[in-house]
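Overview (structure and organization)
Each chain, letter by letter, is given below.
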Amino acid sequence: MDALVVGGGVVGLSAAYALSDRDVNVTLVEKGSLGNASTARSAGGIRSQFSTRVNVELSLASKEVWNSFEERFGVDIGLRKNGYLFLARSEATAERFRENVEMQRELGAESELLTPAEATEHCPGLDPEPFVAATYNPDDGIADPNLAVQGYAEAARERGVEIRTKTAVTDLHREGDRVVGADLREVGAERSERVEVDRVVNAAGAWAAAIGEMAGVDLPIAPRRRQIAVVDPTPPVPESVPLTIDLETGSYFRPERDGVALVGGHFDGDDDPDQDPDAYDEGMDVEWAARAVENAAEYTEYFGLDTRIQRGWAGLYAVTPDHHPVVEETIPGLVTVAGFSGHGFQHAPASGRIAADLVVDGETDLLDVSPLAGDRFERGDTLTERSVA
Ligand SMILES: Cc1cc2nc3c(=O)[nH]c(=O)nc-3n(C[C@H](O)[C@H](O)[C@H](O)COP(=O)(O)OP(=O)(O)OC[C@H]3O[C@@H](n4cnc5c(N)ncnc54)[C@H](O)[C@@H]3O)c2cc1C
């Protein structure tokens, strides 16, 4: 069987790697360089604390790979298990925290419910006063997405995957309702070349809807710009502090090495509905960064007046209406694995394996992906993930 993976971000590479284990001839095409789109702009967070079963299951299956990445791939991805700390300001959110922790624990996660005072044991600079509850999971953490890309790419190449960078898919071909081939064009080439394939995997992230359109299918996946600021906090955030999220304001931060911290959050609901993934502002807005720091200062002591904003960047979330990905065989021959919102780095190991299962077997036994079918929006069967920033 011949498979073409579209997209050389962490999801496409994970899928290509998993396919190479299944006796499939795999070509991966990436229109730029490997991992240079959303993957390189991620905060690198890995957590089991989600509010839907399917997201928790994707996390737990993925963590198995992240935890043993160096043994499997020979690359140290800088995994640091500082935990994630979620904070609730209202009773309604605290009630959801209780339900989430129960569900997460039932599925095997180590999450626990804390009082705000207990939360200060993990985040000593936290002001517990505005909060009524917290959740914490010591097994959550961060890793370096660029190193994960390197590990997957090297392993995939070693197993015979042909990786073609600076090569874009420009069209997909169908015979009846089945996708049977693609047009590829290398940067600078005068013409596209046509390839016949048995399966195409759409792992094009923020561009996934455009790939779907080439095959005549509508995917409800849209690019949304999100930003991160790198700051010198005063006083510094200790390196042991978890990635801390004030869920109701959307503000989050985490320590980096050498006293630096990353600060993020999306504070206005005013996303540009027509964001062009090929022409968005990749720089950080200074006013946004000032607000992100101000918001983090409101509930911690770390971002005092002498805090300096060093730099920052913007990247794209690939967002669906319910913040869960589309993972399915959309039409015969076309497997979609995209729309991961702010969770696609951490869910890449499980998602790649599932994509390979769908290509080869038409189904997966890793976990129940039926909630992630793309027609859930028409059926009115959407999911609700509230633990997002
Ligand atoms: C600011 C920010 C913070 C984030 N923080 C986190 C976090 O803490 N944890 C987490 O898990 N996730 C996080 N994310 C989300 C995460 O970055 C993404 O979900 C993940 O990187 C998606 O990977 P991907 O491979 O699907 O997409 P991408 O990395 O975008 O890869 C898709 C690739 O497809 C290629 N492509 C597109 N069209 C074509 C074509 N026609 N032909 C060939 N190639 C094509 C693109 O060039 C691109 O390289 C964050 C994202 C942002 C923006």
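These notes cover the structure that comes with them. Being a predicted model, the structure only gives us computed values, none of them experimental. (Residues numbered from 1 in each chain as written. Predicted model: local features only at pLDDT ≥ 70, side-chain atom pairs only at ≥ 80, totals over all residues. Heavy atoms only, no water.)

Here's the deal with the site of the ligand
Near the ligand you find 38 residues, and of these Glu30, Thr39, Gly45, Gly342 and Gln346 are the closest. Glycine 45 places a polar main-chain atom, nitrogen or oxygen, 2.8 Å from an oxygen atom of the ligand. At 2.9 Å from an oxygen atom of the ligand is found a main-chain nitrogen or oxygen belonging to glycine 344. In isolation the ligand exposes 1000 Å². Once the protein is present, 96% of that is buried. When residues of the shell around the ligand are traced back to their parent elements, those giving at least two are helix 1 (10-20), strand 9 (167-175), strand 13 (222-232) and strand 17 (308-319). Among the residues forming the shell around the ligand, the class breakdown is 17 nonpolar, 17 polar and 4 charged. The residues that make up the shell around the ligand include at least three from each of domain 1 (2-47 + 146-219 + 322-379) and domain 2 (82-139 + 222-319). (Near = heavy atom within 4 Å. Polar contact = N/O pair within 3.5 Å; in protein donor to acceptor, adjacent residues only side chain to side chain. Areas by Shrake-Rupley, 256 points an atom, 1.4 Å probe, with all protein chains shown as cover. Helix = DSSP H or I, 4+ residues; strand = E, 2+ residues; numbered from the N terminus. Nonpolar A, V, L, I, M, F, W, Y, C, P; charged D, E, K, R; others polar. Domains from an automatic or database assignment.)

Some details on the sheet that holds strand 9
As summarised here, the arrangement of the 3 strands in space is 9-10-11, forming an open sheet in which the pairing is antiparallel. Edge positions in the sheet fall to strand 9 and strand 11 (193-196), since each of these pairs with one other strand and no more. Mean inter-strand twist for the sheet, computed between neighbouring axes without regard to direction, equals 30°. Two elements, strand 9 and strand 10 (residues 178-186), share 8 bridges in a ladder whose sense is antiparallel. Residue threonine 167 lies in a different strand from strand 10, and its bridge partner there is glutamate 186. (Pairing = 2+ DSSP bridges. Axes fitted to C-alpha atoms, helices over the stretch in contact; angles between N-to-C directions.)

Some words on the packing of aromatic side chains
This structure, assessed with the given rule, holds 14 aromatic pairs. Pairing phenylalanine 73 with tyrosine 152 gives two aromatic rings, centres 4.9 Å apart and planes at 65°, and the pair type is edge-to-face. One end of the pair, phenylalanine 73, is in helix 3 (residues 69-73); the other, tyrosine 152, is in helix 6 (residues 145-158), with 79 residues separating them in the sequence. Relative to tyrosine 302, the ring of phenylalanine 253 has its centre 6.1 Å away and its plane inclined at 65°; by these criteria the two rings are edge-to-face. Of the two residues, phenylalanine 253 is situated in strand 15 (residues 251-255) and tyrosine 302 in the loop between helix 8 (286-299) and strand 17; the sequence distance between them amounts to 49 residues. Residue class for phenylalanine 253 comes out buried when judged on its relative accessible area of 0%. Cluster of aromatic residues (ring-pair linked, three or more members): Tyr17, Trp66, Phe69, Phe73, Tyr152 and Phe345. Positioned over the ring face of phenylalanine 50 is arginine 47, at 4.0 Å from the centre of the ring. Taking NZ or CZ as reference, arginine 226 lies 5.3 Å from the ring centre of tyrosine 317, over its face. (Phe/Tyr/Trp six-rings, centres within 6.5 Å; stacked < 30°, edge-to-face > 60°. Buried < 20%, exposed > 50% of the residue type's maximum accessible area, 1.4 Å probe, protein only. Lys NZ or Arg CZ within 6 Å of the ring centre and 35° of its normal.)

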